[in-house]
Amino acid sequence: MVKLKYSRPLTAEALPELAEKMSLLEARLKRRRVISVICGWLCFLLHTAMMSFSAISLYAHQAGPDYVALMDRVPQLAEADAFVFQELPARFGLTFAIPQLLGVGAAILLPALICLVVSLLLRLAIRARGKTQLPPEASENERLALLRSEAEALAEKSKPSRKANWTLRSAFLSLLLSGGAIAWSLYVIRPDSEDLDAAYFSSYVFIALILFTALFVAAYVTDSLTALLCALDTQWDGDTLKDDLLALEESRLPAPEEPSAEGDSV
């Protein structure tokens, strides 16, 4: 959650400085929203592509050489599979029993690391400069009223937390791509087996549910890691500031007059 530091208890002399900090806070939140949208799209595209590619490759290699041979029918798919899961690990002297699991790990970590670099570059390019809206000739009561209204509006705008809407879309799309590849391979090869009955195919429904859950969890981990590394939180709780402004405003009101003794006599 984004923080706003100011001296407490709040005094009238601190209002101009508070107005500048409020304006800067609003600029920072706007910048974070821009970075969040860009990083969200980057994560969605990179994570979905890498997870789908890893799932399809894992299925093809586990199903057998006939299914691996189907990759040649898709342009550049076999070459990409050989480079990512064979040549690339060999360059670093690494061997894996299931090299596609390396692709799953990369699908979780790599988008977050790329977004970290992108967010740093965007923060350098987009300067958070606040513009105070308090006119210099405004009275203290007018400054109080304006700051309180700005705090309420900004707190209401920043109340919803940043939601990872792309994770659900990524899980669905990865599932569709993986399921489509499996269905296409079974259609092309048409394996002859007594096990391919209605019960066998209906079991794919449960496999799809398990796969979707795994895909969603992986996408959610990627988004959470990205939000943590890139500081994409856009929540700000302005209740404390609103209470302090209200307390200062009430302290400036004239005290109620006490009833005189003469008024109480009969």
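Bear in mind that the values here come from a model prediction, so they are computed numbers and not experimental data.

Calculation notes
- Residues numbered from 1 in each chain as written.
- Predicted model: local features only at pLDDT ≥ 70, side-chain atom pairs only at ≥ 80, totals over all residues.
- Heavy atoms only, no water.
- Helix = DSSP H or I, 4+ residues; strand = E, 2+ residues; numbered from the N terminus.
- Buried < 20%, exposed > 50% of the residue type's maximum accessible area, 1.4 Å probe, protein only.
- Contact = heavy atoms within 4.5 Å.
- Areas by Shrake-Rupley, 256 points an atom, 1.4 Å probe, with all protein chains shown as cover.
- Axes fitted to C-alpha atoms, helices over the stretch in contact; angles between N-to-C directions.
- Parallel < 35°, antiparallel > 145°, perpendicular 65-115°, else oblique.
- Left-handed = near helix turned anticlockwise from the far one by under 90°.
- Nonpolar A, V, L, I, M, F, W, Y, C, P; charged D, E, K, R; others polar.
- Core = buried A, V, L, I, M, F, W, Y, C linked by side-chain atoms within 4.5 Å.
- Patch = residues over 30% accessible without salt bridge, like charges linked within 9 Å, V, L, I, M, F, W, Y side chains within 5 Å.
- Salt bridge = Lys/Arg side-chain N within 4 Å of Asp/Glu carboxyl O.

Engineer: Explain the overall build of the protein to me, please; I cannot follow it from the model alone.
Structural biologist: The secondary structure content of the protein amounts to 9 helices and 0 strands. When the elements of the protein are put in sequence order from the N terminus, they spell out α-α-α-α-α-α-α-α-α. With 266 residues in all, the protein has 32% of them scored as buried. Relative to all contacts within the protein whose residues are 6 or more apart in sequence, the contacts with residues 24 or more apart total 84%. In the form shown here, the protein has an accessible surface area of approximately 16700 Å², with 63% of it arising from carbon and sulfur atoms.

Engineer: I keep staring at the packing of helix α1 (residues 15–63) against helix α4 (residues 100–125) and nothing clicks. Help me out?
Structural biologist: The packing of two helices is summarised by the inter-axis angle and the distance between the axes. As a packed pair, α1 and α4 sit with axes 9 Å apart at the nearest point and diverge in direction by 165°. Between α1 and α4, the crossing angle belongs to the class labelled roughly antiparallel. Remark: the crossing between α1 and α4 carries right-handed chirality. Residue classes in the contact of α1 with α4 are distributed as 19 nonpolar, 7 polar and 3 charged.

Engineer: Teacher, can you tell me more about the nonpolar core here?
Structural biologist: Generally speaking, a soluble globular protein has its nonpolar side chains buried in company with each other. Leu18, Met22, Trp236, Leu241 and Leu245 are the most contacted members of the largest nonpolar core, which totals 20 residues. For this core, the secondary structure elements donating two or more residues are α1, α5 (140–157) and α8 (239–251). Looking at this core, the element that brings in the most residues is α1, giving 6 residues. Apart from residues lying up to four places away in sequence, Met22 is in contact with Leu4, Leu147, Glu150, Ala151, Leu154, Trp236 and Leu241. Formed by 10 residues, the second largest nonpolar core is a distinct cluster that contains Phe44, Trp166, Ala219 and Leu232.

Engineer: When you look at unusual backbone geometry in this model, what are you seeing that I'm missing?
Structural biologist: A negative phi angle is the norm for most residues apart from glycine, just as the trans form is the norm for most peptide bonds. A cis geometry characterises the amide bond from Arg8 onward to Pro9, with omega recorded as 0°. Residue placement: Pro9 occurs in the segment before α1. In this structure, Gln76 takes a positive phi of about 70° despite not being glycine. As for its position among the elements, Gln76 is in the loop between α2 (65–69) and α3 (77–91). With a relative accessible area of 58%, Gln76 lands in the exposed category. For Ala231, which is not a glycine, the phi torsion comes out positive at approximately 55°. Note that Ala231 resides in the loop between α7 (198–230) and α8. According to the relative accessible area criterion, Ala231 is partly exposed, its value standing at 28%.

Engineer: Help me understand a nonpolar patch on the surface in this model?
Structural biologist: Together, Phe83, Leu88, Phe92, Leu94, Phe96 and Leu102 make up an exposed nonpolar region whose accessible area comes to about 540 Å². You can see Phe92 is positioned in the loop between α3 and α4.

Engineer: What is the right way to read the packing of α5 against α8 from this model?
Structural biologist: It is at 9 Å that the axes of α5 and α8 come closest, and there the two elements cross at 160°. One finds that α5 runs roughly antiparallel with respect to α8. In the packing of α5 onto α8, the handedness of the crossing is left-handed. Of the residues in α8, those touching α5 at Leu144, Leu147, Arg148, Ala151 and Glu152 are Leu241, Lys242, Leu245, Leu246, Leu248 and Glu249.

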